[in-house]
Every structure is written in structure tokens, then in C-alpha cells.
Amino acid sequence: MAHRPSEEFEATTVVQWTRSDNYHNSFLLPADEALEFTLKNSEAKGLPPIAVSAAQGEFLRLQALVMGAKRALEVGTLGGYSALCLAKGMPEDGKVLTLELDPERAQVAEENIAHAGLSSVVQVQVGSAPDTLNSLPREEPFDIAFIDADKTAFPLYFQLIKPLLRKGGVMIFDNVVQNSLVSDPEWKTIRVEGIRKLLQLIKEDPDFRATTIGTAGEKGYDGFLYAVKTA
Ligand code: SAH
Ligand code: DHB
Ligand code: MG
């Protein structure tokens, strides 16, 4: 009989996904004082707990490492957790430019980045990301971009970052699955419509190949869209 996984297992829940993340992380992720401080300090300063998971952060770090990335761009800093993950995958002379609208969040991120000893690598730019992106020179392209701010503007971020990304560079978008709601035709909030428009843009763009990496873990069922600029 054909292998039919969806019929062989009961549906699992975020409790089991969290157990699984914790189990795998216990083997794969050494304790990281700077990242732990970042989460604790961010919570203490009232930031919402919406950073990427530890496992997702490690993926960003490994991606920067395997690419030999020296220049990373991030849209949506919050407390700097994912920016630090990217920085940890880069050499000492690497640069992470991370964009944040909210000056109070940017301030908390600066504290966390300083605590990690990475202030010379990670630069937080306060302001609305589209304005900042429009001001960046194309002569200094990025190897990798992580896009994790307002989901409604994801199509705009794709268009603005494309000319800032080197050939062979990668854009990674967070929250593209949203507990499968992005694929639910009945669900019409702007938060999912932005992802749908992004998918359509990538479909129509011959310069990109992309795949969605769905993740069920401590942050729920969600996913990264992983898009490589091939031309
Ligand atoms: N990448 C972070 C989490 C980012 S949460 C991490 O994983 O650690 C999304 C952030 O995007 C929020 O802090 C929010 O203030 C910011 N944001 C929302 N709209 C923005 C905009 N137009 N420009 C810049 N940042 C924005
Ligand atoms: C939210 C934003 C995120 O980037 C995320 O990963 C999870 C939740 C939010 O705005 O609720
Ligand atoms: Mg996110």
C-alpha cells in the first residue's frame, strides 16, 4: 500500500511541536548567553514574544555561514534576536543592517547587541523600512536578506530589496504559512493577502527560484519562504 502519512498519524498540536523543538535543540543548540539575555531583556522591556524560534535562528545563522555572507539586511529588528543570529554566522568584519520602525524597540535591540559584543557588526536603522530601503546604494549589495516586518508590505519589500541583492543572494521571508491560513481561500485579512501577493510576484519573476520551508514548532505552524536570486 502506498505511504500516506496524513492518514497514519493523529494531528499533533503546538504542545508536541514545542516538545520536538526542545528535544532537537537539546542536541543541536549549545547554550548561548547573549541570545538568552536578548529574550529575557526584551521581555522585561515589554516587547512581544515574536522573535524567530531558536531553531529558526540557528537556520539563519547557518545560512549566513554557508554563503560566506559578509553583508546581511534585515527588515524588522524587534529586540535584535534574529539580527544576532545572522551576525553569529558572519565573520568579524561582517555587517548586518537591520531596520526598525519603533525607536523604543530599536533601543532595546541596541542594548542586546551591545551585551553580545556585536555593536560593530549589527547596525540598527530606525525609520520606516521602505524609506530606508529606497535610500540604500545598489553599489553595496547584500548576500542575504531576512524580511520579518509588516506582512502587508512583503510584496513591496521583495521589489525594493531585489536590486540590493547580489546574484546568488537569498531573501528569506518569515510568517508565510500562518497556520495554513495563507492557503485558506475563505481567509481574507491583509496579513495573509500580503503573503499571497508575494507568492504571485515570485511566480512571475524569472530571476528567482524559491521554496517554502514550513515549520511546526514552539512558534506554531508557520514557515520561511526561501528565495534565491539566480539571475
Ligand atoms: N526579526 C525579529 C522579529 C521582528 S517582529 C526577530 O526574529 O527577532 C517585526 C518588527 O517589525 C517589529 O518590531 C515592528 O515594529 C517592525 N516593523 C513593522 N513595520 C515596520 C516598518 N514599516 N519598517 C520597519 N520596521 C517595521
Ligand atoms: C507577529 C509577527 C511576526 O513576525 C511573527 O513571527 C509572529 C507574530 C505578529 O505581529 O503578531
Ligand atoms: Mg516573524
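Just above sits the structure.
Residues numbered from 1 in each chain as written. Chains lettered and ligands numbered in written order. Predicted model: local features only at pLDDT ≥ 70, side-chain atom pairs only at ≥ 80, totals over all residues. Heavy atoms only, no water.

A.B. asks: Help me understand the sheet that holds strand β7 (residues 220-229), please; the structure alone is not making it clear to me.
C.D. replies: Backbone-to-backbone hydrogen bonds join strands into a sheet, with any given pair of strands oriented parallel or antiparallel. Strand order in the open sheet made by the 7 strands is β3-β2-β1-β4-β5-β7-β6, with mixed pairing throughout. Unpaired on one side and paired on the other, β3 (122-126) and β6 (208-217) mark the two borders of the sheet. Taking each pair of neighbouring strands and ignoring which way they run, the sheet shows an average axis angle of 15°. Examined bridge by bridge, strand β1 (residues 71-75) and strand β4 (residues 142-147) share 4 bridges and lie parallel to one another. Note on β4: the bridge partner recorded for Val75 is Ile147. (Pairing = 2+ DSSP bridges. Helix = DSSP H or I, 4+ residues; strand = E, 2+ residues; numbered from the N terminus. Axes fitted to C-alpha atoms, helices over the stretch in contact; angles between N-to-C directions.)

A.B. asks: Could you clarify how one ought to interpret the nonpolar core in this entry?
C.D. replies: One recurring pattern in soluble globular proteins: nonpolar side chains tend to sit buried together. Within the largest apolar cluster, 32 residues are counted, with the highest numbers of intra-cluster contacts made by Leu86, Val96, Val122, Ile144 and Ile172. When contributions to this core are tallied by element, the ones reaching two or more residues are α4 (54-67), α5 (81-88), α6 (103-115), β3, β4, β5 (165-173) and β7. Per-element tally for this core: the top contributor is α5, with 6 residues. Not counting chain neighbours up to four residues away, the residues in contact with Val122 comprise Ala83, Ala87, Val96, Thr98 and Ile113. If you look at the next biggest cluster of nonpolar residues, it comprises 31 residues, including Ala149, Phe173, Val176 and Ile195. (Core = buried A, V, L, I, M, F, W, Y, C linked by side-chain atoms within 4.5 Å. Buried < 20%, exposed > 50% of the residue type's maximum accessible area, 1.4 Å probe, protein only. Contact = heavy atoms within 4.5 Å.)

A.B. asks: Can you walk me through the coordination of the magnesium ion (ligand 3) in this structure?
C.D. replies: By definition of the ideal shapes, four donors in a tetrahedron about a metal sit 109.5 degrees apart, and six donors in an octahedron sit 90 or 180 degrees apart. For the magnesium ion (ligand 3), the protein coordination sphere consists of Asp148 (OD), Asp174 (OD) and Asn175 (OD1), at 2.0 to 2.2 Å. Written as a sequence motif, the donor arrangement for the magnesium ion (ligand 3) is D-x25-D-N. Separated by 27 residues along the polypeptide, Asp148 in the loop between β4 and α8 (154-161) and Asn175 in the loop between β5 and α9 (190-204) bring together distant segments of the chain. You can call Asp148 buried: its relative accessible area is 14%. (Donors = N, O, S within 2.8 Å, 3.2 Å for Na, K, Ca; no water.)

A.B. asks: Looking at this model, I keep getting lost on α8. Mind explaining?
C.D. replies: Residues spaced three or four apart along an α-helix face the same direction, because each turn holds 3.6 residues. Across the 8 residues of α8, 6 count as buried, placing the element largely inside the fold. Within the span of α8, buried status applies to Phe154, Pro155, Tyr157, Phe158, Leu160 and Ile161. At its buried positions, α8 is contacted by β1, α7 (129-135), β4, β5, α9 and β6.

A.B. asks: Help me understand α9, please; the structure alone is not making it clear to me.
C.D. replies: For α9, spanning 15 residues, the distance from its first C-alpha to its last is 21 Å, which sits close to the expected 21 Å at 1.5 Å a residue. Looking at α9, one finds that the buried residues are Val192, Gly194, Ile195, Leu198 and Ile202. One side of α9 carries all its buried residues, which in axial view fall inside an arc of 150°. Opposite the packed face of α9, turned more than 90 degrees from it, sit the exposed residues Ile190, Lys197, Lys203 and Glu204. Next to the buried residues of α9 lie α8, β5, β6 and β7. (Expected span 1.5 Å × (residues − 1). Arc of directions from axis to C-beta.)

None of the figures reported here should be taken as evidence of function without further support.
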